Amino acid sequence: MHNIARSYTRPPKTGWLSTVAADIPSARMKFARTDEQFMRAALAEAKQGWGRTSPNPVVGAILVCRGRIVARGHHARAGGPHAEIASLHDLGGPVASDATLYVTLEPCSTTGRTPPCTKAIIDAGVRTVVIGALDVNPRHSGRGISELQNAGIVVRTGVLASESLRLNEAFNKWILTRRPLVVAKCGMSLDGRLNRSADEQRWITDAPARRDVHRLRAQVDAILIGAETVRKDNPRLTVRGIRGAKQPWRVVITRSGVLPNKARLFSDGWAHRTLLYRRKSLAAVLKDLGRREIVSVLLEGGGRLLGAALDSGLVDKVQIYLGPILTGGGVAAFAGRGAISTQAAEHLEEVTYTQVGQSIRITGYVRRPSRKRGNKLRNFLPR
């Protein structure tokens, strides 16, 4: 039997990916149905690590024997066991000869904070491995698969590849560019305004939308705002209401450096997690955050910062909450120069609309057809 089968979803364009089993369509279809079923279980396992593994990716793994899941594991924190190791530990005994390991990301083949997973898989006696996404790092991509194949292990790849890549969109960008994924978030009125006085208790969006924002915060490494937001809103920028969530870094950009010393960001219990950048461009700040192994950044405003990020082409993704309110006024959600034409505007792809309470959450990925972007970036973002 061949060691590697044709991918069932669009495979990455890598020359080493073999398709030698393409001449067995009935077997391929059977594999596809079964593999996708169990890979979805591995993806669900991986999501348990969301927001807790940075700068590592989130990864899930399951062991299947005779059509039944016998062990599960996910990567829970940087420095901790990888998903494959966690699933082998969960099994608590020898691996059956007919067992299959499903893992959402190509197993690591190098020593980092932990030993290589490929060696552990081989030593455990696993004979079949099914992989979701390949490692995007050009130095590692395909190496783990080759090691497994050279040990006589049957490997199938590309199962739910798009879903597996999406799971680690921030990590993938950081690995390829050493820049964090930038998500622009705001809660705004139906007419695109952020108007609200500093002493006003009523929010533009409702409580369910605000709870949803905390879930988003729990998945990022840092939250970035401008100095004016500190002065006007005195925000906390913490994750609340989510048990076990890791608190993100709080990042402030300021030109003058004149900020209230008693602001929550500088005086609360998480003050040591606040970074202050003075007279630095947003691009320079993002570059420095990448050096600090911060792989995802949530821009929470104000309008000038969001507009500047959009004008500079630094936004990868948006998550906007539309409240059922019309305010008028001049505080635009995305201020700045703006696009010179509709054609030159930032268009969104993979757009989703979700009702959250009485608000509408709009999520999408920025595409800039008029600007050249590295092909390697388009390979890891959802299509």
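Anything mentioned here points back to the structure above.
Notes on the structure in this doc start here.

Focus on the pairing of strand E4 (residues 100–105)
- Most of E4 is tucked away, with 6 of its 6 residues classed as buried.
- Note that strand E2 (residues 60–65) and E4 share 4 bridges and pair antiparallel. By the bridge assignment, Leu63 is partnered in E4 with Leu101.
- As judged from the 5 bridges shared by E4 and strand E5 (residues 128–133), these two strands associate in the parallel manner. Bridge pairing in E5 links Thr100 to Thr128.
- Taken together, E4, helix H3 (residues 117–124) and E5 form a β-α-β motif whose crossover is right-handed.

Looking at the packing of helix H2 (residues 83–91) against H3
- In the contact formed by H2 and H3, the axes pass within 9 Å of each other and the chain directions differ by 30 degrees. Here H3 runs roughly parallel to H2, going by the angle between their axes. Between H2 and H3 the crossing geometry is left-handed. Only Cys117, Ala120, Ile121 and Ala124 of H3 make contact with H2, whose side of the interface consists of Glu84, Ile85 and Leu88.
- Split into classes, the residues belonging to the contact of H2 with H3 amount to 6 nonpolar, no polar and 1 charged.

Description of the nonpolar core
- Core analysis: the biggest nonpolar cluster contains 44 residues, and Leu101, Ile121, Val126, Val129 and Val230 have the highest contact counts within it.
- Here the element with the most residues in this core is helix H6 (residues 169–177); it accounts for 5 residues.
- Apart from residues lying up to four places away in sequence, Leu101 is in contact with Ala61, Ile62, Leu63, Glu84, Ser87, Ile121, Val126, Thr128, Val129 and Val130.

Looking at a nonpolar patch on the surface
- Side chains of Leu348, Val351 and Tyr353 sit close together on the surface and give an oily, nonpolar patch of about 280 Å² of accessible area.
- Structurally, the position occupied by Leu348 is in strand E13 (residues 347–356).

Digging into the pattern of salt bridges
- Per the stated rule, a full pass over the model turns up 17 salt bridges.
- Note that Arg217 is salt-bridged to Glu300, the shortest N-O span being 2.9 Å. With Arg217 in helix H7 (residues 207–217) and Glu300 in the loop between strand E11 (296–299) and helix H11 (303–311), this residue pair connects regions lying 83 residues apart in the sequence.
- Salt-bridge contacts for Arg367 lead to Glu349; the nearest nitrogen and oxygen are separated by 3.2 Å. You can see Arg367 sitting in strand E14 (residues 359–367) and its partner Glu349 sitting in strand E13, a full 18 residues away along the chain.
- Salt bridges here are not isolated pairs; linked through shared partners, they connect Lys185, Arg217 and Glu300.

Criteria and thresholds
- Residues numbered from 1 in each chain as written.
- Predicted model: local features only at pLDDT ≥ 70, side-chain atom pairs only at ≥ 80, totals over all residues.
- Heavy atoms only, no water.
- Buried < 20%, exposed > 50% of the residue type's maximum accessible area, 1.4 Å probe, protein only.
- Helix = DSSP H or I, 4+ residues; strand = E, 2+ residues; numbered from the N terminus.
- Pairing = 2+ DSSP bridges.
- Right-handed = clockwise from strand over helix to strand, strands pointing away.
- Axes fitted to C-alpha atoms, helices over the stretch in contact; angles between N-to-C directions.
- Parallel < 35°, antiparallel > 145°, perpendicular 65-115°, else oblique.
- Left-handed = near helix turned anticlockwise from the far one by under 90°.
- Contact = heavy atoms within 4.5 Å.
- Nonpolar A, V, L, I, M, F, W, Y, C, P; charged D, E, K, R; others polar.
- Core = buried A, V, L, I, M, F, W, Y, C linked by side-chain atoms within 4.5 Å.
- Patch = residues over 30% accessible without salt bridge, like charges linked within 9 Å, V, L, I, M, F, W, Y side chains within 5 Å.
- Areas by Shrake-Rupley, 256 points an atom, 1.4 Å probe, with all protein chains shown as cover.
- Salt bridge = Lys/Arg side-chain N within 4 Å of Asp/Glu carboxyl O.

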